[in-house]
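Residues per chain, in single letters:
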Amino acid sequence: MGLTSAHGADAQTAVTLETLLEAPGGRELLSCIQCGTCAGTCPYGDVMDWPPRRIIGMLRAGLIEEVLASESLLSCVTCYACMAKCPRGLRLTDLLLPLVKEQAFLHLPEVPAELQKALSNTLRYGNPMGESARKRSAWAATGGVPVRVLAQDPRPVDVLWFVECYTAYHPRGQDNCRATAKLFAALGTDVAILGHEEKCAGECARLAGETGLFDTLMDANLKVLGKYEYARLVTSGVHAYDAFLHEYPRGGFDQPVEHTTTYFASRLEALKPRLTKKLGYTVTYHDSCVLGRHNGIYEEPRRLLRAIPGVKLVEMVHNRINSICCGGGGGGMWLDTYYKAKGYERLADRRVREAVATGADVLAVSCPYEVSRFEDALKVLGHDKQMVIRDVVELLAEALEG
Amino acid sequence: MKILVLMKMVPDIVEELEVAPDGKSLDLDAARPIVSESDDHALEQALLLKDRLGGSVVTLGVASRDLDDVLFTALAKGSDRAVKVEGVEQPLGTAAVAVLLAEVLPAVPGLMPVDLVVTGCQAIDDLDGLVAPFLAEKLGIPYVGVVTGVEAKAGEGRVTVLKEYAGGVRARYAVTLPAVLGIQAAEKPPRYVPVAKVRATMKTGKIETVAAPAVGIAPAVEVLRMTKPEAAGQAEMLEGDPEAVASKVAEILSARGLI
């Protein structure tokens, strides 16, 4: 991929209180009442040198070098908890933290190796795993139903399905893809994918502070999307959903966007007659930070789960707005080694303990990161015999008659 | 200390490689070029030495597809100059590259003499790692390869290089300068440079170009045939419960006189 971008700002060198306050949303710093709710609700607030409240206080006091030199922001998994709870309504995760993270990233003396590899891979191959860019749609041959690729068949289409990286490449993510393809087929949806032309939407790179990489990816994706005619974009990735909804519009993107969960939930009446297989599972649902706290999508996935014959839905203590992050956002997906070295608890472990305590035998998720994160946590904690992780779309597809 | 880093592009093996229609070379149009991994380590080692001792780093490569991105990235990481050798008919053999470099280096304004020339000790298209020792021979200076660390003090006229051998044996060699070093791995993994910094460098930085002299060296080795690995289909999968599989394994080993 080329390194040029029409939208990105170039690296800045000096950051001052003035430049921060001039940045969009920067003035919100001034309305913080220093109550500390953010620090209390932050899943890593107890291990950061400076939790959000203190970062804001330090920035206001002009201690900018100290903030940028600290590694605290590497522990921000952008879970939107501080923003959801802020009594002043400060757009912490939306505006303030990314602003500081971007600068902190440029000042990092050393990017943790795992994160560095993911970012370099994403720049080069369009996916953080470093898999062949040309094999992005290789899963489609295993889908069981035909999947149209726009590069080969560029006719206008109703649903442009933006598959995303973990779904396209991770073996368990590909289960999500196959399930989604079956559900689209069951609904008779006119759908197509970008195939090898698609690149990572880049949201997690942006929230890790690597905004230049995000801009490069956004430009590349917008250029490809501009070639085709489609009525709506539906994506399997919650972070991609966020990017298309909130960030890509500044690059000129203006099509309706849905996550697969919301797409199928709004077509549940058409899908229901096909959901005939009784599953017999007790399911607890994990609200992903992005769908839940950031976009208020709490009921759609639950409505889908309740529509599946033989599914009993139970709730974890922390649900909906109080959901506990899996730890994968904002670059956290590639900081497990770093957190481990620091002695932090893995957030996925914390979440899975709570899921197991419900007595459910399935932990249902809607974000492609969560499948591998929670499956690892189940194995680490020794609960992998009593609970499995399934995406909501996987459960729906399983309930389709043969 | 003044350090010259030699970098080159190689086919990226993450993507499928194709054999060209002539049946004896790689289809370079189908391949995606990537910077040779150990050259990236050579750059990192040079930058680490510059961080510690001061001085300057010049990065040089023979023009090829996507090399500009690599040179701008080197500038963004801290290389002081980037130079591209233009007008070479690709691909050259290792000996020809060494001759070309030995002839072109003095033609780069303000470049020679340098204290150190560092480059990858191997590349996936030069597994014998011959370019660096050939170049040292042409320049008439010492060469040490498979280097994993360099210690130096300013003004000593020599460096101490670290090499690792099988079985955890490590050796240190004193090398008088100037010298050519083939780097296997830098002391630290190559640093990350944010894309925004590379982009800023593309606007403000400059890649110098120098014309390649004609190199009249015919390759001494000819590739006769290049093919993809051919599936032999000789594996036999043992199936059944563990007891049955174990008996079968024992039978096979015994039949071959191994137990």
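All residue numbers refer to positions counted from 1 along the written sequence of the respective chain. Throughout, the order in which chains and ligands are written sets their labels, letters from A for the former and numbers from 1 for the latter. In view of the model being predicted, local features appear only for residues whose pLDDT reaches at least 70, and side-chain atom pairs are presented and counted only at 80 or more, with totals across whole chains, interfaces and linings using the full set of residues. Side-chain measures here rest on the full set of heavy atoms in the structure, leaving out hydrogens and waters.

Trainee: Quick one: what's the story with the overall build of chain A, residue by residue and with numbers?
Mentor: Only DSSP runs of H or I with at least four residues qualify as helices, and only runs of E with at least two residues qualify as strands; both kinds are numbered from the N terminus onward. The helix and strand inventory of chain A stands at 20 helices and 9 strands. Computed over C-alpha atoms, the radius of gyration of chain A comes to 21 Å, within 12% of the 21 Å expected from 2.2 N^0.38 for 402 residues, which places it in the range of a compact globule. For the C-alpha atoms alone, the extent of chain A along its principal axes is close to 65 × 50 × 35 Å. Looking at chain A as a whole, 62% of its 402 residues qualify as buried. Restricting to contacts in chain A with at least 6 residues of sequence separation, those with at least 24 account for 78%. Surface accessibility follows the Shrake-Rupley procedure with a 1.4 Å probe radius. Residue values consider only the protein chains on display as shielding. Working note: accessible area of chain A is about 15,100 Å², and carbon and sulfur atoms make up 52% of it. None of His or the chain ends enter the tally, which takes Lys and Arg as positive and Asp and Glu as negative. Charge placement uses NZ in Lys and CZ in Arg. For Asp and Glu, CG and CD serve respectively. In chain A, 45 side chains carry a positive charge and 48 a negative one; their mean positions are 4 Å apart. Only the C-alpha atoms count toward the radius of gyration. The rule for a globule is 2.2 Å times the residue count to the power 0.38. Only protein chains enter the accessibility calculation, which uses a 1.4 Å probe; a residue is then buried when its area is under 20% of its type maximum, exposed when over 50%, and partly exposed in between. In what follows, residue pairs with any heavy atoms lying within 4.5 Å of each other are defined as contacts.

Trainee: Quick one: what's the story with the overall build of chain B, residue by residue and with numbers?
Mentor: Each helix and strand in chain B was counted, giving 6 helices and 11 strands. Projecting the C-alpha coordinates of chain B onto the three principal axes gives extents of approximately 70 × 45 × 40 Å. The buried share of chain B, taken over its 259 residues, is 41%. As presented, chain B carries roughly 13,700 Å² of accessible surface, and 55% of it is formed by carbon and sulfur atoms.

Trainee: Before we move on, could you go through empty space enclosed by the protein and cite the residues and values that matter?
Mentor: Residues and elements named next belong to chain A. The rule is simple: put a 1 Å grid over the protein atoms alone, call a set of points where a 1.4 Å probe fits but cannot get out a cavity, call an open set with protein on both sides within 12 Å along at least five of seven lines a pocket, and count a residue as lining if it has an atom within 4 Å of a point. Grid points are joined across faces, edges and corners, and a volume is the space filled by probe spheres set on the points. Scanning all chains against the criterion turns up 8 cavities of 30 Å³ or more. For the largest cavity, the calculated volume is near 150 Å³. Forming the boundary of the largest cavity are 17 residues, of which Glu 164, Cys 165, Tyr 166, His 239 and Tyr 369 lie nearest the centre. Any residue that is not Ala, Val, Leu, Ile, Met, Phe, Trp, Tyr, Cys, Pro, Asp, Glu, Lys or Arg is counted as polar, Gly included; the first ten are nonpolar and the last four charged. Classifying every residue of the lining of the largest cavity by side-chain character gives 11 nonpolar, 4 polar and 2 charged.

Trainee: For helix 16 (residues 299–306) of chain A, give the residues involved together with the corresponding values.
Mentor: All names here are of chain A. Within the sequence span of helix 16, burial applies to Pro 301, Arg 302, Leu 304 and Leu 305. Axial view of helix 16: buried residues confined to an arc of 155 degrees, hence all on one face. On its buried side, helix 16 packs onto helix 13 (260–265), helix 14 (268–271), strand 6 (281–285), strand 7 (311–314), strand 8 (362–365) and helix 20 (392–399). Throughout, the arc means that of the directions going from the helix axis to the C-beta atoms.

Trainee: If you had to explain the pairing of strand 9 (residues 170–176) of chain B to someone new, which residues and values would you point to?
Mentor: Residue and element names in this part refer to chain B. As judged from the 7 bridges shared by strand 8 (residues 158–164) and strand 9, these two strands associate in the antiparallel manner. What sits directly across from Thr 160, in strand 9, is Ala 174. Each pair of strands is called paired provided DSSP finds at least two bridges between the two strands. Connecting strand 8 to the next strand, strand 9, in antiparallel fashion are 5 residues, including Gly 167 with a positive phi near 75 degrees.

Trainee: Go over the confidence of the model for chain B with me, naming the residues and quoting the values.
Mentor: Residues of chain B with pLDDT of at least 70 account for 100%, and the chain-wide mean is 94. Predicted as a complex, the structure gets a pTM of 0.91 and an ipTM equal to 0.88. Values of pLDDT, the confidence the predictor places in each residue, fall between 0 and 100.

Trainee: Describe the side chain of Glu 375 of chain A, and please don't skip the residues or the numbers.
Mentor: Residues and elements named next belong to chain A. Assignment of secondary structure puts Glu 375 in helix 19 (residues 368–381). Taking the relative accessible area as the measure of exposure, Glu 375 reaches 18% and is therefore buried. Polar side-chain contacts of Glu 375 include one of 2.8 Å to the side chain of Arg 172. Between N or O atoms, a polar contact is any pair within 3.5 Å; within protein, one atom must be a potential hydrogen donor and the other a potential acceptor, and residues adjacent in sequence are included only when both atoms are from side chains.

Trainee: Could you give an account of the sheet that holds strand 6 (residues 116–120) of chain B, with specific residues and numbers?
Mentor: Residue and element names in this part refer to chain B. Read from one edge of the open sheet, 9 strands run 9-8-7-10-6-1-4-5-11, paired in mixed fashion. Pairing within the sheet leaves two strands with one partner each, and these edge strands are strand 9 and strand 11 (207–211). Ignoring which end each strand starts from, the neighbouring axes of this sheet average 35 degrees apart. With 3 bridges connecting them, strand 7 (residues 143–152) and strand 10 (residues 179–183) associate as parallel partners. In the strand pairing of strand 10, Val 144 is matched with Leu 181. Against the sheet, helix 2 (residues 67–77) contacts strand 4 (56–62), strand 5 (81–86) and strand 11, and its axis sits at roughly 160 degrees relative to strand 5. Comment: axis = line fitted to C-alpha atoms, over the contacting stretch for helices; angle = value between 0 and 180 degrees taken between N-to-C directions.

Trainee: Any details on the interface of chain B and chain A? Residues and values, ideally.
Mentor: Taken together, the contact pairs 25 residues of chain B with 30 residues of chain A. Taken together, both faces of the contact between chain B and chain A bury some 2,200 Å²; the carbon and sulfur share is 49%. Contact with chain A buries surface across chain B, with Arg 32, Tyr 192 and Arg 199 of chain B losing the most and accounting together for 33% of the total. Salt bridge, as used here: a side-chain nitrogen of Lys or Arg that lies within 4 Å of a carboxyl oxygen of Asp or Glu. Taken together, chain B and chain A are joined by 4 salt bridges. Across the pair Glu 15 of chain B and Arg 134 of chain A runs a salt bridge whose closest N-O atoms are separated by 4.0 Å. At the junction of chain B and chain A, the tally comes to 15 residue pairs in polar contact (both at pLDDT 80 or more). Elements represented by at least two residues in the side of chain B that touches chain A include exactly strand 3 (33–35), helix 2 and helix 5 (195–204) of chain B. For the side of chain B that touches chain A, the leading source of residues is helix 5 of chain B, giving 8 residues. Residues belonging to the side of chain B that touches chain A are distributed by class as follows: 14 nonpolar, 1 polar and 10 charged. Reported buried area values correspond to the accessible surface (1.4 Å probe) lost by two parts on association, with both partners' losses combined.

Trainee: Summarise the sheet that holds strand 5 (residues 257–259) of chain A; cite the residues concerned and give the values.
Mentor: In a beta sheet, neighbouring strands pair by backbone hydrogen bonds and run either parallel or antiparallel. All names here are of chain A. Sheet architecture is open: 5 strands sit in the order 1-3-2-4-5, paired in parallel fashion. Edge positions in the open sheet fall to strand 1 (148–149) and strand 5, since each of these has one partner strand only. The sheet contacts of helix 9 (residues 171–187) involve strand 2 (157–162), strand 3 (191–193) and strand 4 (230–235), and relative to strand 2 the element is tilted by about 170 degrees.

Trainee: Explain the packing of aromatic side chains to me, using residue names and the numbers behind them.
Mentor: Residues and elements named next belong to chain A. Only Phe, Tyr and Trp rings are paired, with Trp represented by its six-membered ring, and only when their centres lie within 6.5 Å; those with planes under 30 degrees apart are stacked, over 60 edge-to-face, the remainder tilted. Applying the stated rule across the entire model yields 16 aromatic pairs over all chains. Measuring from ring centre to ring centre gives 5.6 Å for Tyr 263 and Phe 264, while their planes differ by 80 degrees; the resulting arrangement is edge-to-face. Here the two residues Tyr 263 and Phe 264 agree in accessibility, since each one is buried. By the ring-pair criterion, three or more aromatic residues cluster together here, those being Trp 139, Trp 161, Phe 184, Tyr 263 and Phe 264. Stacked on the ring of Tyr 263, the Lys or Arg Arg 267 has its end atom at 3.8 Å from the ring centre. As a reminder, the over-ring test applies to NZ of lysine and CZ of arginine, requiring each to be within 6 Å of the ring centre and within 35 degrees of the ring normal.

Trainee: Provide a residue-level description of the environment of Lys 188 of chain B, including the pertinent values.
Mentor: The topology assignment puts Lys 188 of chain B in the loop between strand 10 and helix 5. The class of Lys 188 of chain B is partly exposed, set by a relative accessible area of 37%. For Lys 188 of chain B and His 41 of chain B, which are 147 residues apart along the polypeptide, the C-alpha to C-alpha distance reads 8.3 Å. If near-sequence neighbours (up to four positions away) are discounted, Lys 188 of chain B is found in contact with Glu 110 of chain A together with His 41, Glu 44 and Leu 48 of chain B.

Trainee: Requested: an account of the confidence of the model for chain A, with residues and values cited.
Mentor: With 96% of its residues at a pLDDT of 70 or more, chain A shows a mean pLDDT of 93. Scored below 50 in pLDDT, residues 4–12 of chain A shows 28 contacts in the model against residues more than four places distant or in partner chains.

Trainee: Break down the nonpolar core for me, citing the residues and quoting the values.
Mentor: One broad trend across soluble globular proteins is that nonpolar side chains are buried collectively. Counting 130 residues, the largest nonpolar core has Leu 92 and Phe 244 of chain A as the members making the most contacts within it. Excluding anything up to four places from it in sequence, Phe 244 of chain A contacts Phe 162, Ala 201, Leu 225, Leu 233, Pro 249, Phe 253 and Val 257 of chain A. Membership of the second largest hydrophobic core comes to 33 residues, among which are Ala 46, Ala 74, Leu 75 and Val 159 of chain B. The criterion is simple. A nonpolar core is a set of buried Ala, Val, Leu, Ile, Met, Phe, Trp, Tyr and Cys residues joined through side-chain atoms within 4.5 Å.

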